[in-house]
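Read off the chains here:
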There are 2 protein chains.
Amino acid sequence: MCGGIGSRFWPYSRQDKPKQFIDFFGTGRSLLQMTFDRIVSIVDPANIIIVTNAQYTSLIREQLPELAPDQILQEPARRNTAPCIAWATYHILARDPEASILVTPSDHLITREREFEQSILRGFEFIESHDALLTLGIRPTRPETGYGYIQIGKEVEAGINKVKTFTEKPDRSLAEVFVESGEFFWNSGMFLWKGKAIKEALERYASDITRIFDAGKMLFATEAENEFVSTNFPACMSISIDYAVMEKADNVYVECVEFGWNDLGTWSTLYDNSPRNRDGNVTQNCRVLAYSSKGNIFAVPDDKLVVVDGLQDYIIADSGDVLLICPKSEEQRIKLMVNDVKEKYGDKYL
Amino acid sequence: MCGGIGSRFWPYSRQDKPKQFIDFFGTGRSLLQMTFDRIVSIVDPANIIIVTNAQYTSLIREQLPELAPDQILQEPARRNTAPCIAWATYHILARDPEASILVTPSDHLITREREFEQSILRGFEFIESHDALLTLGIRPTRPETGYGYIQIGKEVEAGINKVKTFTEKPDRSLAEVFVESGEFFWNSGMFLWKGKAIKEALERYASDITRIFDAGKMLFATEAENEFVSTNFPACMSISIDYAVMEKADNVYVECVEFGWNDLGTWSTLYDNSPRNRDGNVTQNCRVLAYSSKGNIFAVPDDKLVVVDGLQDYIIADSGDVLLICPKSEEQRIKLMVNDVKEKYGDKYL
């Protein structure tokens, strides 16, 4: 899944080059490329399907020249994850009715690749032998209030449990209870299932969506697929797979994993999880001279020099034609600021 | 005089494009161009001589295409104002032994052009009939601690006085006494004199410099001038005209003027003298969305958007590859920061 616009990281993440396409850590590989690298050791590259917004197709071809054109599904409109997953499911099943599927965002960080690989292989094993929708739950390492949590139920195999409940982002004290209990895991947005299993679940819980795709069911994985989807996809309602299916289905399981995961969802979680300089700032790969300044996170173009004096706990993000300076504690206001920018200047700076 | 590097405004002012070449107020004209515009109503454009560092010649030709090549004197090295003025004096006297000269920096702001014009014409009148070195003293409007002051002596004509003393930058309480007394005027660095008068004064008080120029006295305003100066100018000591001549000569007068002058010497004086937005920030011509932020001064490229939250009394200056964020109260540290930058990265960001 590679169609998001990453607005919480504006202006570092921009509409024409969102977060997943950025070399976030200065390693020479974007988050999308890192995701691809992580998966090719598990999945035949020819079987990797990228669902994206049509406007990012050329960026994807540039960053992943290994892909054939028909491995990129181009959404004509943004409709959240349920329609995205539904389309990919119809496409994959048309190619292989017995396919097992790993669904993953393209803009998360995973630091322990071997544990990731083992978890995925273990999950595939489970879904091959169970009629299961399997979600990956991350063992929490802190009382994070920015994530959804999954409460685990009965263990059915080592490390795999029935899901008891999905919960929204908790407040701080509730998050502390969650972490302490050992029963709650972070909802990673990564899933494993048989194509057949998710299609059945979509038909049962999201028939508004499957009805749209069923109208062209003979066209998937043919030359007519794109035209059909271009015309009909926008009619899908915009809804997440969690809300449309996972919170309703009764065959939902969670694999409890630990592999150094971070969804890179907010500046503060990025700051909290990044190595700090001696002076207490996170500078990623940029050049910063800091005087009487700590607790800041900097994201500016390579080769740009930032000289900062007397600044504590700020986000400093520069994307060439936009500079944002904002206290980390106020980062939830960034979305409102982006709205103000849009109102005042149109799309120019988004 | 157009050879300065404007380091106090780093990084807005850069070694390869200092302050005088910048369109400071977004009017479409740089400070140099504004200075030129102000003077052509008084002086025949063919008689305007620009003394600059050789590295800025192409910038000057670009900004002032009206000038003939021989109107630009290219210093091969930086030696402060006395050698600069000495060279121009020798050059001008070779063209016209009776010349009257206005010496002016190219990077000051003057808002009341008619008063400026009248003051200059009045000054020319005075030096035509007196053996005088005339400096322009600005009637102070606030107890500025960043300027040198001139104490006036006896009035010799309306608005023109003998100079009693030159004083260095005073502290705050002394500056208040100065302003209250009515006897002290800001030293503007603008001068009017006959070429002959300043040459005599230089010969008397700065003979180390005139001796160097005298060795080639037949060469000024000939094709051999440039080569002679290239070779010999670097041997001049680096010294200001104030220190070398004005503080020593006994025929020094001051014309007391008021024409909306600002030397644009520091961010704080620029802030204090610029119109503020409704939100209390000085944004010049740049696009700023400010939240819970006031007292800041922004200098960023045209067309760049700055979104700022929770920042009080800062300088935010962006020059493409350098971003500076510094409290206004700490601006005297900028020079030290520039040193650190130089030590760490060489000339790249200067």
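Thresholds, definitions, all that
Residues numbered from 1 in each chain as written. Chains lettered and ligands numbered in written order. Predicted model: local features only at pLDDT ≥ 70, side-chain atom pairs only at ≥ 80, totals over all residues. Heavy atoms only, no water. Helix = DSSP H or I, 4+ residues; strand = E, 2+ residues; numbered from the N terminus. Rg over C-alpha atoms; globule rule 2.2 N^0.38 Å. Buried < 20%, exposed > 50% of the residue type's maximum accessible area, 1.4 Å probe, protein only. Contact = heavy atoms within 4.5 Å. Areas by Shrake-Rupley, 256 points an atom, 1.4 Å probe, with all protein chains shown as cover. Lys, Arg positive; Asp, Glu negative; His and termini not counted. Charge placed at Lys NZ, Arg CZ, Asp CG, Glu CD. Pairing = 2+ DSSP bridges. Axes fitted to C-alpha atoms, helices over the stretch in contact; angles between N-to-C directions. Phe/Tyr/Trp six-rings, centres within 6.5 Å; stacked < 30°, edge-to-face > 60°. Lys NZ or Arg CZ within 6 Å of the ring centre and 35° of its normal. Expected span 1.5 Å × (residues − 1). Arc of directions from axis to C-beta. Salt bridge = Lys/Arg side-chain N within 4 Å of Asp/Glu carboxyl O.

**Structural notes on the overall build of chain A**
No. 1: Of regular secondary structure, chain A possesses eleven helices and 15 strands.
No. 2: Relative to a compact globule of 350 residues, whose C-alpha radius of gyration would be 20 Å, chain A shows 21 Å and is just as compact.
No. 3: Principal axes of the C-alpha set define a box for chain A whose edges measure 60 × 45 × 35 Å.
No. 4: Burial statistics for chain A: of 350 residues in total, 55% are counted as buried.
No. 5: In chain A, 65% of the contacts between residues at least 6 apart in sequence involve partners at least 24 apart.
No. 6: Carbon and sulfur atoms make up 48% of the accessible area of chain A, which totals about 15000 Å².
No. 7: One finds the centroid of the 38 positive side-chain charges in chain A at a distance of 3 Å from the centroid of its 51 negative side-chain charges.

**Considerations on the sheet that holds strand S13 (residues 305-309) of chain A**
No. 1: The mixed open sheet is built from five strands, whose spatial order is S11(A)-S13(A)-S15(B)-S14(B)-S12(B). Across the chains shown, the open sheet's two edge strands, defined by having one partner strand only, are strand S11 (287-291) of chain A together with strand S12 (297-299) of chain B. On average, each strand axis in the sheet is inclined to that of its neighbour by 5°, with strand direction left out of account.
No. 2: Two elements, strand S14 (residues 314-318) of chain B and strand S15 (residues 322-327) of chain B, share five bridges in a ladder whose sense is antiparallel. Bridge pairing in S15 of chain B places Ile316 of chain B opposite Ile325 of chain B.

**So, the packing of aromatic side chains**
For any two aromatic rings, the description comes down to two numbers: the centre-to-centre distance and the angle of the planes.
No. 1: Taken as a whole and assessed by the stated rule, the structure comprises 36 aromatic pairs over all chains.
No. 2: Relative to Phe220 of chain A, the ring of Tyr90 of chain A has its centre 5.3 Å away and its plane inclined at 45°; by these criteria the two rings are tilted. With Tyr90 of chain A in helix H3 (residues 81-95) and Phe220 of chain A in the loop between helix H7 (207-214) and helix H8 (225-232), this pair connects stretches of sequence that are 130 residues apart. The two residues Tyr90 of chain A and Phe220 of chain A agree in class, both being buried.
No. 3: Centre to centre, the rings of Tyr345 of chain B and Tyr349 of chain B are 5.4 Å apart; their planes meet at 85°, and the pair counts as edge-to-face.
No. 4: For Tyr349 of chain B, a relative accessible area of 0% puts it in the buried group.
No. 5: Sitting over the ring of Tyr253 of chain B, Lys162 of chain B keeps its end group 5.0 Å from the ring centre.

**Notes on helix H11 (residues 334-345) of chain A**
No. 1: For H11 of chain A, which comprises twelve residues, the first-to-last C-alpha distance of 16 Å matches the rise-based estimate of 16 Å (1.5 Å per residue) to within 8%.
No. 2: All buried positions along H11 of chain A are accounted for by Ile334, Met337, Val338, Val341 and Tyr345 of chain A. Seen end-on, H11 of chain A carries its buried residues on one side only, within an arc spanning 100°. The exposed set on the far side of H11 of chain A, more than 90 degrees from its buried face, consists of Leu336 and Glu343 of chain A.
No. 3: On its buried side, H11 of chain A packs onto helix H10 (267-272), strand S14 (314-318) and strand S15 (322-327) of chain A together with strand S11 (287-291) and strand S13 (305-309) of chain B.
No. 4: Backbone geometry just after H11 of chain A places Gly346 of chain A at a positive phi near 70°.

**Let's talk about the pattern of salt bridges**
All names here are of chain A.
No. 1: Counted under the stated rule, the structure contains 42 salt bridges over all chains.
No. 2: The shortest N-O distance in the salt bridge between Arg38 and Glu113 comes to 3.7 Å. A residue pair is termed long-range when its members are at least 10 positions apart, and Arg38 in helix H1 (residues 31-39) and Glu113 in helix H4 (residues 113-129) qualify at 75 residues.
No. 3: According to the relative accessible area criterion, Arg38 is buried, its value standing at 3%.
No. 4: Note on Glu113: relative accessible area 37%, which makes it partly exposed.

**Considering the environment of Gly320 of chain B**
No. 1: Looking at where Gly320 of chain B falls in the secondary structure, it is placed in the loop between S14 and S15.
No. 2: For Gly320 of chain B and Pro301 of chain B, which are 19 residues apart along the polypeptide, the C-alpha to C-alpha distance reads 7.3 Å.

**Description of the environment of Pro76 of chain A**
Residues and elements named next belong to chain A.
No. 1: Looking at where Pro76 falls in the secondary structure, it is placed in the loop between strand S2 (72-75) and H3.
No. 2: C-alpha separation for the pair Pro76 and Ile5, spaced 71 residues apart in sequence, amounts to 14 Å.
No. 3: Excluding anything up to four places from it in sequence, Pro76 contacts Val229, Ser230, Phe233 and Pro234.

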